[in-house]
Amino acid sequence: TLLVRRFESSIAAFRSTLEKMISTYEEMIGYVNENGFFPIYKKGDLPSYTELEGMDESEIDDFFVEFTKNKGDSFKKIKAEELDLERFLSDLKGDLSLLQGIHDEWKNAAPDSDPKFDEVVLMINESLKDNPDRKIVVFTEFADTANYLAKKCSAYGLDRVFKYTGQDGSTANKEIVRENFDAGLKEKSQKNDFDVIIATDAISEGFNLHRAGAIINYDIPYNPTRVIQRVGRINRINRKVFDELYIYNFFPTLT
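Given the structure is predicted, the values throughout are model-derived calculations rather than measurements.

Asks: Explain the overall build of the protein residue by residue, including any values.
Replies: Of regular secondary structure, the protein possesses eight helices and seven strands. Against the globule reference of 18 Å for 255 residues, the protein gives a C-alpha radius of gyration of 23 Å, more extended than a compact globule. Based on the C-alpha atoms only, the size of the protein along its principal axes is roughly 70 × 45 × 30 Å. Among the 255 residues that make up the protein, the fraction classed as buried is 41%. By sequence separation, contacts in the protein at least 24 residues apart represent 72% of the contacts at least 6 residues apart.

In structure tokens:
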């Protein structure tokens, strides 16, 4: 499900998740083969099995006691002898082979070919040309996609684009968003440094973006409430700026 959602979002998000999954499978196989156990721990935080090289069982236990100290997450290990090891490794390697096959096909695709992004750039340029006072919000579910879009926009010469994800939630960045996209601010406090904001759903609550009269949903959340929350950023009660609001949705196609 995650791979499908990331694929629907952007080529960058899909590639990132695919490569992380491959790396995780390789690590799990390494843990079983090299250290004789299968670790269960919070994703992303687990150290590489190569860090345990040369340690005996007691030293490994001590290592993980120290590793998980003050983190509040429990670490568990399943010893190899407690597993149907041959079948377990066969299943892991089967999944890994499948993922690597997808990755091999994917990396052969033209790296600069992204018709979805090309369409967004066209939409942004046409919208700003026809309605220069109508700012634009581009929404995506994933920070990887937001980072990718911001970088691509910069490469295409769109330099009045601001990016906001959960990782960008500093006080200074929140103020930039308010100054450039919040029509509730006094006019003398409003700025026009940015015409477009590319954001994750980290900005779908608690922000007024009604100086933007258009939303582009670069991907569609599986939770429909998220879509309503996105639209609500530019459709503010008693804060009318535009007679019409434009909502553009990208849906996956076969081509």
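Structure's up, so let's keep going.
Asks: Can you tell me about the pairing of strand β4 (residues 161–164), naming the residues and giving the values?
Replies: Pairing of β4 with strand β5 (residues 196–199), which is carried by four bridges, proceeds in the parallel orientation. Bridging from a neighbouring strand, Tyr164 pairs with Ala199 of β5.

Asks: Tell me about the sheet that holds β5, and name the residues and values.
Replies: If you trace the five strands from one edge of the open sheet to the other, you get β4-β5-β3-β6-β7, paired in parallel fashion. Edge positions in the sheet fall to β4 and β7 (246–249), since each of these pairs with one other strand and no more. Each adjacent strand pair in this sheet contributes to an overall mean axis angle of 20°, direction not counted. Taken together, the five bridges between strand β3 (residues 135–139) and strand β6 (residues 212–217) define a ladder with parallel strand orientation. Bridge pairing links Lys135 to Ala212 in β6. On the sheet, helix α5 (residues 115–130) packs against β3, β5, β6 and β7 and is oriented at approximately 160° with respect to β3. Each of β3, β4, β5 and β6 is contacted by helix α7 (residues 171–181), which is oriented at about 135° to β4, the strand it contacts most.

Asks: Which residues make up a negative patch on the surface, and what values go with them?
Replies: Side chains of Asp84, Glu86, Asp91 and Asp95 sit close together on the surface and give a patch of like negative charge. The residue Asp91 is located in helix α4 (residues 85–107) in this model. When its relative accessible area of 44% is taken as the criterion, Asp91 is described as partly exposed.

Asks: Account for the packing of aromatic side chains, naming residues and giving values.
Replies: The relative placement of two aromatic rings is captured by the distance of their centres and the angle of their planes. Inspection of every chain in the model, using the stated rule, returns 19 aromatic pairs. Ring pairing ties together the aromatic residues Tyr31, Phe37, Tyr41, Tyr49, Phe63, Phe64, Phe67 and Phe75, which thus form one cluster. Across the ring face of Tyr222, the terminal group of Arg5 is positioned such that the distance to the ring centre comes to 5.5 Å. Its end group placed over the ring of Phe181, Lys135 keeps NZ or CZ at 5.4 Å from the ring centre.

Asks: I'd love a proper account of the nonpolar core, names of residues and values included.
Replies: By size, the foremost hydrophobic cluster in this structure holds 44 residues, and its most contacted members are Ile124, Ile136, Val138, Val196, Ile198 and Ile216. Not counting residues within four places of it along the chain, the set of residues in contact with Val138 comprises Ile124, Leu149, Val196, Ile197, Ile198, Ala199, Ile216 and Tyr218. Counting residues in each nonpolar core, the second largest holds 15 residues, with Phe139, Phe207, Ala212 and Ile215 among its members.

Asks: An account of the side chain of Arg211 is requested, with residue identities and associated values reported.
Replies: By the element assignment, Arg211 lies in the loop between β5 and β6. Asp195 provides the closest opposite charge to the buried, unpaired Arg211, separated from it by 7.7 Å.

Asks: I'd like a rundown of the side chain of Thr68, residues and numbers included.
Replies: Structurally, Thr68 can be placed in the loop between α3 (57–67) and β2 (76–79). For Thr68, a relative accessible area of 16% translates into the label buried. A polar contact is formed between the side chain of Thr68 and the backbone oxygen of Val65, at a distance of 3.5 Å. Residue contacts for Thr68: discarding those within four places in its chain leaves Tyr41, Asp73 and Phe75.

Asks: Help me get a handle on the packing of helix α2 (residues 11–35) against α4, residues and values and all.
Replies: Running from amino to carboxyl end, α2 crosses α4 at an angle of 155°, the nearest separation of the two axes being 10 Å. Put simply, α2 runs roughly antiparallel to α4. Where α2 crosses over α4, the handedness of that crossing is left-handed.

About the thresholds
- Residues numbered from 1 in each chain as written.
- Predicted model: local features only at pLDDT ≥ 70, side-chain atom pairs only at ≥ 80, totals over all residues.
- Heavy atoms only, no water.
- Helix = DSSP H or I, 4+ residues; strand = E, 2+ residues; numbered from the N terminus.
- Rg over C-alpha atoms; globule rule 2.2 N^0.38 Å.
- Buried < 20%, exposed > 50% of the residue type's maximum accessible area, 1.4 Å probe, protein only.
- Contact = heavy atoms within 4.5 Å.
- Pairing = 2+ DSSP bridges.
- Axes fitted to C-alpha atoms, helices over the stretch in contact; angles between N-to-C directions.
- Patch = residues over 30% accessible without salt bridge, like charges linked within 9 Å, V, L, I, M, F, W, Y side chains within 5 Å.
- Areas by Shrake-Rupley, 256 points an atom, 1.4 Å probe, with all protein chains shown as cover.
- Salt bridge = Lys/Arg side-chain N within 4 Å of Asp/Glu carboxyl O.
- Lys, Arg positive; Asp, Glu negative; His and termini not counted.
- Charge placed at Lys NZ, Arg CZ, Asp CG, Glu CD.
- Phe/Tyr/Trp six-rings, centres within 6.5 Å; stacked < 30°, edge-to-face > 60°.
- Lys NZ or Arg CZ within 6 Å of the ring centre and 35° of its normal.
- Core = buried A, V, L, I, M, F, W, Y, C linked by side-chain atoms within 4.5 Å.
- Polar contact = N/O pair within 3.5 Å; in protein donor to acceptor, adjacent residues only side chain to side chain.
- Parallel < 35°, antiparallel > 145°, perpendicular 65-115°, else oblique.
- Left-handed = near helix turned anticlockwise from the far one by under 90°.

By themselves these figures say nothing about function.
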